[in-house]
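Observations on the model geometry
This is what each chain is made of:
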Amino acid sequence: MEPVLAPLPPPRLLLVTDGVGDVARLRGIVGAAIAGGVRSVQLREPSWSVRQLAAVALELQPLLRAVGGQLFVNDRVDVAAAGCCDGVQVGHRSLPPAAARLALAGRARLGVSCHDPEELAAAAAAGADFALLSPVWTTASKPGHNGLGPARAGAWTADARLPVLWLGGVTAERIAAVRALPPQHRPVGFAVRGALCEAADVAAAATALQDAVDRALDGAA
C-alpha cells in the first residue's frame, strides 16, 4: 500500500471529539469547526466499533484533506495503518508507542499522550511525530486534577525532543496568555475538546481559538 503521508507540520489547533457517539452531531461539529479554521481533527469515540470508526474516518478524511488538513483517530493503530485516516493518537491503554510506530510502517503519523517528562522522552525515543501534554489547565474531564500550569508545562515542552501540543482546559484566553512565555517554552499547538464540542456556535469558537493560536505562537514575545 502506498504511504498516505503528506508533508504537513504537527497540528496547531486540534479538535478532539468528545465521545458522545452521535454521528450526525459529530458531522455538524467537524463541519462547523473546519468552516471556522480548524485543520486537524482527532476522532475519540470509544463506544464505536472499529468498523464504524473506520467508516466515519473515511467520510471525514476528504473534508480535511480538501483544506490541507489531517484526520487522526484515537487508539486504533489498525485503522490508521489501513489508510482510513492520516494518523493515530496512542495513550496508556493503546499499543506502546514503539510498537505503534512499527505497525504504521510510515503510512500514518503518530501522536502520543503524555503527562510527564519521562513519557515525553519515551515518545521521542519511539519516533512519535508529536506529543499531547495534559492536563495543562483545570478541566472537567479530569476532576480533582489542578493541571500542570503553563510554567511547568512550558519547562517540560522546552526540554522535549519532539513537538508538543497542550491539552486540557484550553480556551482562547489561556492560549493568548501563552504568548508571555519564552518562545522555546510554548507548544507548537493546542488540542481542544469542550471549547468546541460544547460551543453554541462552533464555527465562531473555532475562529476565535485559531486567532488566539496565531497571536500566541507567531513571532517573539
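Everything below is about the structure shown above.
So, here is what we can say about the structure in this document.

**Some points on the overall build of the protein chain**
Counting its regular elements, the protein chain contains nine helices and eight strands. Against the 2.2 N^0.38 benchmark of 17 Å for 221 residues, the protein chain shows a C-alpha radius of gyration of 16 Å, consistent with a compact globule. Summarising the internal contacts of the protein chain: among those between residues at least 6 apart in sequence, 62% fall at separations of at least 24. Counting only carbon and sulfur atoms, one obtains 56% of the accessible surface of the protein chain, whose full area is about 9700 Å².

**A short note on helix α5 (residues 117-125)**
Within α5, the full set of buried residues consists of Leu120, Ala123 and Ala124. What you see down the axis of α5 is that its buried residues fit within an arc of 100 degrees, all on one side. Of the exposed residues in α5, those oriented more than 90 degrees away from the buried face are Glu118 and Ala125. Tucked into the core, α5 has its buried residues touching β5 (109-114), β6 (130-133), α6 (150-159) and β7 (164-167).

**A word on the layout of surface pockets**
Approximately 980 Å³ is the volume found for the largest pocket. Every residue lining the largest pocket is counted, 39 residues in all, and those nearest its centre are Val16, Arg44, Asn74, Leu167 and Arg193. When its volume is computed, the second largest pocket comes out at roughly 150 Å³. In terms of residue class, the lining of the second largest pocket is made up of five nonpolar, six polar and two charged.

**Concerning the nonpolar core**
Counting residues in each nonpolar core, the largest one holds 65 residues, and the members touching the most others are Leu15, Leu43, Trp166, Phe190 and Leu196. For this core, the leading source of residues is helix α9 (residues 202-217), giving eight residues. Beyond its immediate sequence surroundings of up to four residues, leucine 43 is in contact with Thr17, Leu26, Leu53, Val56, Ala57, Leu60, Leu71, Phe72, Val73 and Asn74. By size, the runner-up hydrophobic cluster in this structure holds eight residues, among which are Leu14, Phe130, Leu132 and Leu167.

**Describing unusual backbone geometry**
With omega at -15 degrees, the peptide bond leading from serine 134 into proline 135 counts as cis. One can find proline 135 in the loop between β6 and α6. A positive phi angle, near 80 degrees, is found at aspartate 75, a position not held by glycine. With a relative accessible area of 29%, aspartate 75 lands in the partly exposed category. Backbone geometry at alanine 105 places phi at a positive 50 degrees, although glycine is not the residue there. Its location among the elements puts alanine 105 in the loop between α4 (97-104) and β5.

Calculation criteria
- Residues numbered from 1 in each chain as written.
- Predicted model: local features only at pLDDT ≥ 70, side-chain atom pairs only at ≥ 80, totals over all residues.
- Heavy atoms only, no water.
- Helix = DSSP H or I, 4+ residues; strand = E, 2+ residues; numbered from the N terminus.
- Rg over C-alpha atoms; globule rule 2.2 N^0.38 Å.
- Contact = heavy atoms within 4.5 Å.
- Areas by Shrake-Rupley, 256 points an atom, 1.4 Å probe, with all protein chains shown as cover.
- Buried < 20%, exposed > 50% of the residue type's maximum accessible area, 1.4 Å probe, protein only.
- Arc of directions from axis to C-beta.
- 1 Å grid on protein atoms, 1.4 Å probe; cavity = no way out; pocket = protein on both sides within 12 Å on 5 of 7 lines; lining within 4 Å.
- Points joined across faces, edges and corners; volume = space filled by probe spheres on them.
- Nonpolar A, V, L, I, M, F, W, Y, C, P; charged D, E, K, R; others polar.
- Core = buried A, V, L, I, M, F, W, Y, C linked by side-chain atoms within 4.5 Å.

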